[in-house]
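# Overview (structure and organization)
Okay, here's what each chain looks like letter by letter:
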Amino acid sequence: RYSLPHLGIEARFAIRCRPQVVAANCDSTRMSVIDINGMLTLYDIEVKGGSTTGMLVGQADKKPSTEAAVGTQLEFERKDVWNMRWASDNPDLFAIMEKTRMYIIRGLLPEEPVLSNAYICAFRDLQIQSVLIDEVIQNPESPRKEVLLDFETKSLRDTRDILTKVSNLKDAFNYVDDNPHPRLWRLLAEAALGQLDFGVAEKAFVRFEDYQGIQLVKRLRLLDDKVKQKAEVAAYFQRFDEAESLYREIDRKDLAIDLRVRLGDWFRVIQLAHGGNEDLLQQAWSSIGDYYADRGKWSNAAQYYAKAQNNSALVDTYYFLEDYDSLERLINYLPEGSPLLTDIGNKFALVGLCEQAVAAFTRHGDVKTAVDTCVMLNQWDQAVTIAQQHNFQQIEGLLAKYAQHLLDKNKKIEAVQLYRKANRHTEAAKLLAQMAKEMPGGAQKNPDRIKKLYLLAALEVEKFKTKTMDAQMTGATNGTMTTAQTVQSLITADQSVASDRALESPWRGCEAFHLYLVAQRQLYEGHYEQAMKTALRLADYEDILDTQTIYSIIALTTYYNKFFMQCSKAFIKLEASGDINEEMRTKFSDLALRIFTRNQPRDPSSRMMPCPKCHQRMHDWCVSCPSCNYRLPFCVASGRSIFPEEKAGGLHGPEDGAGVLGSASGVVKCRCCRHRMYTSEVRKLRNCPLCHSRLDAAYNNEPRF
């Protein structure tokens, strides 16, 4: 025997048999032993002294020492015992199984046996629960409820008989007083409550120390109506329907509702309170919503929360249901400044719904959080718009700081996307033009990528101009701006664009690399005359392309087209250019010597066309008029110069209302980049060769396939 929690030894006992089952009672004062022969013996193991040693239990011939506390074997033996169980609430009660009989023993005296062959599972409250193990083993997966058997002790049976047959509770009280047990006192108290004998009930509750029962009796004594007392007693015995019926018999529907509220039976509360108190109905609906929410049935919970107008719970329910449409509708339903709007905004921000989150934060009046949400979700255009509407100045510094952070990490594409989302078209165009200029390999390795970068830069500038013009025209139309203010704002916009060459002539870089690619394609396809006409126009783009690239392609195309005068001029440029290293200039000089020793620097005859401005005759491959220096427009599809006489027999067709030349003129203009092209060159094309925007099928009369 050890003491807890220090596990100090208190006494040591020994027995003279071979034990098979050893058990102790609930307070560890007695021990039962069943040996291998089925002999049951009891021992008193209560330590009555302070020594930690003792003599052998069961050895009656030895005397205990003066220093030891000794346990003794009790004068109790039973044979053929195969199962026993101590009561868990009474140290003197235990049940044993002898063959096919069950004995309940109080102290050392057995009661009348009961026929049974079941194993004892538990012994509590004067009631034994046993199980038919043999039947369980036959069907272990799905045993029947009938395998569990309950047996009552003699005192419990006698008490029930007395309470049933004798109307005077004093006799029952005396019997229970002679055989005290908490179960018997509780049985007596319940019988006394059933007869409304509050004196006996209170004494019984006091005997088995039930404080709640004592308070119940006091509350019942305060009631002046016996029907109410019966209803409260029925509720105590969990006969709630009976209690409700009693309340309704005396026309106390309010007490019936109060009973259901205390029970949490909100479905019944709604039935009883229908058409009555709205506050009570809202509380019931909200509680039913809680009931469904606890079980994860969010759809049902949302219905009842909506009836109860419980917006706080409704927000969480819609969020769990991922019903963001209903959650968005709730924003306008809530009053401005409601704390729930912040919760809704945070939930929308967590799932990446920026617009809805901004609406919630804005209605709450928290503009800073709305802007921060846009920045966090990388919606810079919306952040800038909100900042401008609410005069929030910090967004400019934050935008510039984040863009510089991206540039420091050499993430220029991400910086361009940032500027585009923030509607900073000019900054995006400048960065794209810078990337095009810094593209490694230049025109020799990545001409198509450089053209795309210049094209994107030009499109950003066009967006900026369109946005500025629309804003000014809208202000002038609405009368908010005078004519002078409109002109001044347009001049300011032009100055902001003219500060950078890439913004002033946004299409120039795209044109240069487009013509370079067209010339290369025409040259490889063997169209030498078209390639020469296209390459000669590259001489106007020395600020975009390097000298060697421009005049190398001119020299190559003119050589194959037998225009040796133009070829000679190109070689002169190559040999005299300071941008080309000495070794390459020497190679160009040697190549020119070999070419022109065999070919005279002369150009063959070609078609002559009038200048659109001074009407002087000029070669059709000329880029500008030799007389008046008028620079001819060119066809972006073929690279040829556009002459008026080539427009359908010399007719100058008027431009239509959309800014696109009619099909009768033989020339069409792209709506996006506003560059011209011959109709004959784009009959099989669906997109503009320069900006790749969609071409209208109405540009010419022929159908597109």
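Residues numbered from 1 in each chain as written. Predicted model: local features only at pLDDT ≥ 70, side-chain atom pairs only at ≥ 80, totals over all residues. Heavy atoms only, no water.

## A look at the nonpolar core
- Membership of the largest hydrophobic core comes to 133 residues, with the highest contact counts inside it found for Ile 344 and Met 677.
- Beyond its immediate sequence surroundings of up to four residues, Met 677 is in contact with Cys 635, Val 636, Ala 637, Ile 642, Gly 666, Val 667, Val 668, Cys 670, Val 682, Cys 688 and Pro 689.
- Leu 126, Leu 163, Phe 173 and Leu 187 belong to the second largest nonpolar core, which has 36 residues in total. (Core = buried A, V, L, I, M, F, W, Y, C linked by side-chain atoms within 4.5 Å. Buried < 20%, exposed > 50% of the residue type's maximum accessible area, 1.4 Å probe, protein only. Contact = heavy atoms within 4.5 Å.)

## Examining a nonpolar patch on the surface
- Where nonpolar side chains cluster on the molecular surface, the patch consists of Tyr 2, Leu 4, Leu 7 and Ile 9 and spans about 460 Å² of accessible area.
- Within the secondary structure, Leu 7 sits in the loop between strand 1 (2–3) and strand 2 (8–9). (Patch = residues over 30% accessible without salt bridge, like charges linked within 9 Å, V, L, I, M, F, W, Y side chains within 5 Å. Areas by Shrake-Rupley, 256 points an atom, 1.4 Å probe, with all protein chains shown as cover. Salt bridge = Lys/Arg side-chain N within 4 Å of Asp/Glu carboxyl O. Helix = DSSP H or I, 4+ residues; strand = E, 2+ residues; numbered from the N terminus.)

## Considerations on the sheet that holds strand 5 (residues 40–44)
- One open sheet accounts for four strands, arranged 3-4-5-6; its pairing is antiparallel. Unpaired on one side and paired on the other, strand 3 (19–24) and strand 6 (72–78) mark the two borders of the sheet. Each strand of the sheet is rotated relative to its neighbour by a mean of 20°, with strand direction disregarded.
- As paired strands, strand 3 and strand 4 (residues 30–35) are joined by five bridges and run antiparallel to one another. Bridge assignment links Ala 24 to a residue of strand 4, and that residue is Met 31. (Pairing = 2+ DSSP bridges. Axes fitted to C-alpha atoms, helices over the stretch in contact; angles between N-to-C directions.)

## With respect to the sheet that holds strand 13 (residues 127–131)
- Ordered by their spatial adjacency, three strands build an open sheet running 12-13-14, and the pairing between neighbours is antiparallel. With partners counted over all chains shown, the strands left at the sheet margins are strand 12 (119–124) and strand 14 (148–152), one partner each. The mean inter-strand angle of the sheet, taken between neighbouring strand axes irrespective of direction, is 25°.
- Pairing of strand 13 with strand 14, which is carried by five bridges, proceeds in the antiparallel orientation. Opposite Ile 128, over in strand 14, you have Phe 151 as the bridge partner.

## Some words on helix 18 (residues 380–389)
- Considered for burial, the residues of helix 18 that qualify are Trp 380, Ala 383, Val 384, Ile 386 and Ala 387. Taken end-on, helix 18 shows its buried residues confined to a sector of 165°, consistent with a single buried face. Projecting away from the buried face of helix 18 at angles above 90 degrees are the exposed residues Gln 388 and Gln 389.
- Of the residues one or two after helix 18, Asn 391 is the one with positive phi, at around 55°. (Arc of directions from axis to C-beta.)

## With respect to the pattern of salt bridges
- Within the structure shown, the criterion is met by 31 salt bridges.
- With its nearest N and O atoms 3.3 Å apart, the salt bridge here joins Arg 144 to Glu 146.
- The partner of Lys 368 in a salt bridge is Asp 372, with the nearest N and O atoms 3.0 Å apart. With Lys 368 and Asp 372 both in helix 17 (residues 367–376) and four residues apart, the pair spans about one turn of that helix.
- The structure contains a network of salt bridges with shared partners spanning Asp 241, Glu 244, Arg 248, Arg 260, Asp 265 and Arg 268.

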